[in-house]
Every structure is written in C-alpha cells, then in structure tokens.
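Descriptive analysis of the structure
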Amino acid sequence: MALKGTAVLSWGDSWSNDPSGFVSSRVKNLNTARNFVCFGGFSGNRATKSVEDENPAKPTIEDDVSRGLYKDLSLTSLPKPLSVADLTVTPNNDTKVRISFKGLPGSYSEEAALKAYPKCETLPCDQFEDVFKAVELWLADKAVLPIENSSGGSIHRNYDLLLRHRLHITGEVKLVSNLCLLALPGIRMEQLKRVLSHPQVLASSDVFLSKLGVAVENVDDTAGAAQYVASNGLRDAGVIASARAAEIYGLNILSNRVQANPGHITRFLVLARDPIIPKTDKPFKTSIVFTLDEGPGVLFKALAVFALREINLTKIESRPQRKKPLRVVDDSNTGNAKYFDYLFYIDFEASMAESRAQSALGHLQEFAPFLRILGCYPMETSL
C-alpha cells in the first residue's frame, strides 16, 4: 500500500498542530529570527532559554545537593557543562565528530558516546534540553541520549523531548555499565556513612548498599557526584560511578560491579540534525510516534499492521498528551466519560527502504490522526 499524505511522514517538516502540546522556544529577537534554519535548529549570537516544565517542583534537599555538584567546577580544569545561556554559535573547523551529552566528563553518557565514536570530541551539557540545543545550534554534530535501562525502565522525560525537538535518531548504543564504589584516596569502605549517585544507579546497587549500611543521597549525575566528593574532600561520602570518573577526579575504586544484576544495560540513542538514508544491507530499526482516535480495539488494529507483515516490535511506550490529556467520550452507560489521550511510541525491526515497512505505515496512517517517523537507523546487535 502506498503511503498517502507524504508530508505526514516527512522527516524534516515542521508540524503546525502538534498533539503533544509542546511549544518550541520562541525567538524574541528579529536578529535571532532571521537565523532560524530549515531543520528547526537555531543560529545566531543571542542566547535562548530552556523550555521549563509547566509546574516546576519546589526545591528539595536533593536539588540543593545536585546544584552543589556544579558550583565548584571553577576549581578544576575540566570543562563546565553547557547550559542554554552558553549556547552561542561559533565556527566549528574541527574534523572530529562533536557529541553532546548530559553530565560531566566521566559520566556513563559520555562513555556511550566514546563507544559509538572512539575518537569523538565530547561536549558536556547541564540538562537534557541543552543536549538537543547544542546540536540544533551547530555546537555539536550529534547527541547521545539515554532512553531506557534494564533496571529502571524507560526515561520518560527523554521521550517527551524527542517529540518537542526536531532531531532525528541515527543510531543506538547499548552500554553494559560497570558500577563502581569510589571514595577519596586512603578512605576505607567501613569509614563511609553515605553514598551519592543517580537514583537509578542507587536502585541497581540496593543489595550492596544495604549490606554496607550507609545512607544514600540522590544526585542528578554520577560523574557530578564524583566531582563533588573530590572537590569538597568529603571523607565520609562514597560515590557510585564509572571507573573513568575515578581516574578523572582522583578517587579510588573500593569495589567493582556493585550492581545487583551483573547485566546492567542502558540503551542510548544517537541524534543528529539530518536523518540517514535507510538501507537493507544490515538490520535496521525504525522509531515512530502516533496518536489514535477513540474506538474499540483501535490499539489492536494499530499493532496488527505490523503483525500482518511479520514486522517485529521491540518497544512500545505510551505518554499522555500534554496539551489535551483528557478525551471526553459519550458513553451510553455512564454518560460522558473522560479518558487519558495518549501518544504511542513504537520501535520496530525493519528499514524504511523495505516495502513492508512503507506498507505498514501507510496502513497505520489510515486511522492515526498524527504520525511521525523519529528515525530509521542501524540496530546495535552486539554489546
């Protein structure tokens, strides 16, 4: 079946009616507006601000700790993570691939970037939003973004950002993480009273930490926690982070592989301004997002378009639409009923160069009011 409405499936088009309810950062200056480029990225010398959540939470003690991770960066020679306020366009004459990631040097996201591109130049960013902006502003060529891991599941914030921004998925990286307990030189394990790390890392190490009998503190970045302990000389605090973080920040490794499950795997996406050309010479994966109208069995029908063509689904994720989260349906039994209205994210094993993938999406488009291809990219088949 041929695809109808090719604009719906176009990878580079802008949507005037995005069901997610996300609104891109508006350019408030004519000079900046003139530099808006066709892929949805920014150019110009004027800084823009990150799009913040509609209802920001009140600061907590954990937030204070996370903010403290970055206050001492001037004490080291390490690069400061970018925030949107730093994103001004500069010429890039470097032949190396520049990859943006969230966190400090030594984070697992940087490790994933180096696995995908061993000779790349990494660009640390303060927030996930800034990781996207760095590519849109041409400060970086690509971005590496964690999307799910084997212990904590999906990272929902990044699914939302995939729809808000116009970057394309061009690859994936599966990283088997070695979670290490780190501390200052000369500190023994029994001297530790608390351990700092990312909540998902702490959850993956809960058995080890329970036996250790220490308090745990959530922070935003594993490498940031290592930098915080090292720069402040915290002798009672340990960190769970990478072996590379220990080397960068001058910490000792007290214990290797402290995760409860030895196979702690995180899946990362590689993002770029332009899509790659789909091929059939190797296994490809395609990621899409779509909405459905109300009706009995409509999700079953959506999934059946892939089953009918023997296309394997590897991931399905649903997220409530922000702009219009509730759908009112006239129910003969209860009157007007209200249901959540969802966006559905699906990964399937097929290349857009294959007729069966094109046929499946053409069929899906017949009853999906909104459909967007997030990327078609080679699968990582080995760890």
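Residues numbered from 1 in each chain as written. Predicted model: local features only at pLDDT ≥ 70, side-chain atom pairs only at ≥ 80, totals over all residues. Heavy atoms only, no water.

Heads up, the condition is: UniProt positions are given in the numbering used here, feature names are shortened, and annotations may be inferred rather than shown by experiment.
The name given to the chain in an unreviewed UniProt entry is arogenate dehydratase, with the source organism recorded as Acer negundo. Per its UniProt entry, the chain bears the Subcellular location (unreviewed entry) comment "Plastid, Chloroplast stroma".

**What to know about helix α12 (residues 355–365)**
Stated formally: Only protein chains enter the accessibility calculation, which uses a 1.4 Å probe; a residue is then buried when its area is under 20% of its type maximum, exposed when over 50%, and partly exposed in between. Each helix corresponds to a stretch of at least 4 residues labelled H or I by DSSP, and each strand to a stretch of at least 2 residues labelled E; elements are numbered beginning at the N terminus.
Burial analysis of α12 places 8 of its 11 residues in the buried class, the great majority of the element. Among all positions of α12, only A357, S359, A360, L361, G362, H363, L364 and Q365 are buried.

**Notes on the packing of aromatic side chains**
For clarity, the threshold we go by: Centre distance within 6.5 Å is the pairing criterion for rings of Phe, Tyr and Trp, where only the six-membered ring of Trp is used; planes under 30 degrees apart are then read as stacked, over 60 as edge-to-face, and the remainder as tilted. By definition, being over a ring means that NZ of Lys or CZ of Arg is both within 6 Å of the ring centre and within 35 degrees of the ring normal.
As enumerated under the stated definition, the model contains 4 aromatic pairs in all. For the pair F306 and F348, a centre-to-centre distance of 5.0 Å together with 40° between the ring planes defines the contact as tilted. Here the residue F306 occupies a position in helix α11 (residues 298–307), and F348 occupies one in strand β16 (residues 342–349), the gap between them amounting to 42 residues. Here the two residues F306 and F348 agree in accessibility, since each one is buried. Its guanidinium or amino end placed over the ring of F128, K102 lies 5.2 Å from that ring's centre, counting from NZ or CZ. Here R273 stacks its cationic end above the ring of W138, 3.6 Å away from the centre of that ring.

**Quick look at empty space enclosed by the protein**
Worth spelling out the cut-off: Cavity: a set of points on a 1 Å grid over the protein atoms alone where a 1.4 Å probe fits but cannot get out. Pocket: an open set with protein on both sides within 12 Å along at least five of seven lines, its lining residues, like those of a cavity, having an atom within 4 Å of a point. Grid points are joined across faces, edges and corners, and a volume is the space filled by probe spheres set on the points. Gly falls in the polar group here, along with every residue not listed as nonpolar (Ala, Val, Leu, Ile, Met, Phe, Trp, Tyr, Cys, Pro) or charged (Asp, Glu, Lys, Arg).
In this structure the tally under the stated criterion is 1 cavity of 30 Å³ or more. Considered as a void within the structure, the largest cavity measures approximately 70 Å³ in volume. Put simply, the parts of the chain that give the lining of the largest cavity at least two residues each are α6 (156–164), β11 (265–272), β12 (284–291), β16 and β17 (370–378). In terms of residue count, β16 provides more of the lining of the largest cavity than any other element does, 3 residues in total. Class assignment of the residues belonging to the lining of the largest cavity gives a composition of 10 nonpolar, 1 polar and 2 charged.

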